[in-house]
Amino acid sequence: EVSGMGDKVIIRTVPDITVSDYQIGQSLSNQTPEKANVELAIDQAKYFSVIVDDVDKAQSGLDLMGKFSDDASEQMKTKIDANVLAHVGANVATANAGSSAGIISGNLGLGTAAAPLTITKSTILDTILKAGQALDEQNAPETGRWIVLPAWAVAMIKGSDLKDASLSGDSTSIMRNGRVGMIDRFTIYLSNNLNLVTGSNAHTQIIAGHTSGITFASQITNVETLKSESKFGTIVRGLNVFGRSVVKPESLVLIRATS
């Protein structure tokens, strides 16, 4: 249980099992699987603090304190999401990013900071397949894969060949129901919080991977109300502490892309 900033959470990890050759009559060598647990530091925090003026509270006829708290909660989730995605993008394995991505093929071309990959509705599916190939070459499990796309990329998917229900295998075209679902074993997520790199080579850092790649823990540790000392009003404030860590960089893929 996370009680405050500075705490540490123990993340249990699964060790790799060695598979050996067998010959009739041989003695078996037993392996004792051991892998050190990962300590996740709760070293990040976000807060909100708003004041509900007594006059506004009396005149509005609304539960301003509840409205402000609900909106602050949503804004906090957005900020934390952006923080986590930026951290993940900065810690992807070198072999799973760039023009020479692919630990075996070495030529997947997932874009670089100087030359981001240009994606169109004709190439968006091919780009997702390349991300899948990068994970395949790292022997990542096929279940539990995900990819986070910006809104413009999801729109391209809906305008790609998959808009034909007969090609996607769905009963209704994604143009009609709006559901993207899964593509090449990836569960598709849309987020406006992916890291945006500005400048002459502006691009979006698209993140893909497997659930084993990252770990995250969060806890709202403080929500309190108190009377303001300098104004006639009530202060509502809250603190959310969290930690995020990349525990398996080879299970993540970075695509630097532009539309």
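Computed from a predicted structure; not experimentally measured.

1. Some points on the overall build of the protein
Across its full length, the protein carries six helices and twelve strands. Expressed as a percentage of the 259 residues in the protein, the buried residues total 37%. Partitioning the contacts of the protein with sequence separation of at least 6, the portion at a separation of at least 24 is 73%. In the structure as shown, the protein presents an accessible area of about 15200 Å², 50% of it carried by carbon and sulfur atoms.

2. Thoughts on the nonpolar core
Core analysis: the biggest nonpolar cluster contains 26 residues, and Ile-128, Ile-147, Leu-149, Phe-186, Val-253 and Ile-255 have the highest contact counts within it. Of all the secondary structure elements, the ones that give two or more residues to this core are helix H3 (124–137), strand S5 (145–149), helix H4 (151–158), strand S7 (186–190), strand S9 (203–210) and strand S12 (252–258). A per-element tally of this core places H3 first, with five residues. Excluding residues that lie within four positions of it along the chain, Ile-147 makes contacts with Ile-128, Phe-186, Thr-187, Ile-188, Tyr-189, Ile-206, Ile-207 and Ala-208. Listed in part, the 20 residues of the second largest apolar core include Phe-48, Val-52, Val-92 and Phe-242.

3. Quick word on the environment of Ser-73
Following the sequence through the fold, Ser-73 ends up in helix H2 (residues 64–89). On a C-alpha basis, the gap between Ser-73 and Tyr-47 in space is 9.5 Å, while along the polypeptide they are 26 residues apart.

4. Some details on the pairing of S12
Among the seven residues in S12, six count as buried, and that is most of the element. Pairing of strand S4 (residues 117–118) with S12 involves two bridges; the strand directions are parallel. Bridging across to S12, Thr-118 finds its partner in Thr-258. Sheet topology places S9 next to S12; six bridges connect them, and they run antiparallel.

5. Observations regarding H3
Taking 1.5 Å of rise per residue, 14 residues should cover 20 Å, and H3 covers 20 Å from first to last C-alpha, within 8% of that figure. Asn-139 lies just past H3 and shows a positive phi near 60°.

6. Observations regarding unusual backbone geometry
Unusually for a residue other than glycine, Asp-184 sits at a positive phi of about 50°. Residue placement: Asp-184 occurs in the loop between strand S6 (182–183) and S7. Judged by relative accessible area, which is 23%, Asp-184 ranks as partly exposed. You will see that Arg-185, though not glycine, has its phi angle at about 75°, which is positive.

7. Remarks on H4
Buried within H4 are the following residues: Ala-153, Val-154, Met-156 and Ile-157. In a view along the axis of H4, the buried residues occupy a sector of 155°, so they form one face of it.

8. A few points about the environment of Pro-15
Along the polypeptide, Pro-15 turns up in the loop between strand S1 (8–11) and strand S2 (38–41). For the pair Pro-15 and Thr-32, spaced 17 residues apart in sequence, the C-alpha separation works out to 9.7 Å.

Conventions adopted
- Residues numbered from 1 in each chain as written.
- Predicted model: local features only at pLDDT ≥ 70, side-chain atom pairs only at ≥ 80, totals over all residues.
- Heavy atoms only, no water.
- Helix = DSSP H or I, 4+ residues; strand = E, 2+ residues; numbered from the N terminus.
- Buried < 20%, exposed > 50% of the residue type's maximum accessible area, 1.4 Å probe, protein only.
- Contact = heavy atoms within 4.5 Å.
- Areas by Shrake-Rupley, 256 points an atom, 1.4 Å probe, with all protein chains shown as cover.
- Core = buried A, V, L, I, M, F, W, Y, C linked by side-chain atoms within 4.5 Å.
- Pairing = 2+ DSSP bridges.
- Expected span 1.5 Å × (residues − 1).
- Arc of directions from axis to C-beta.

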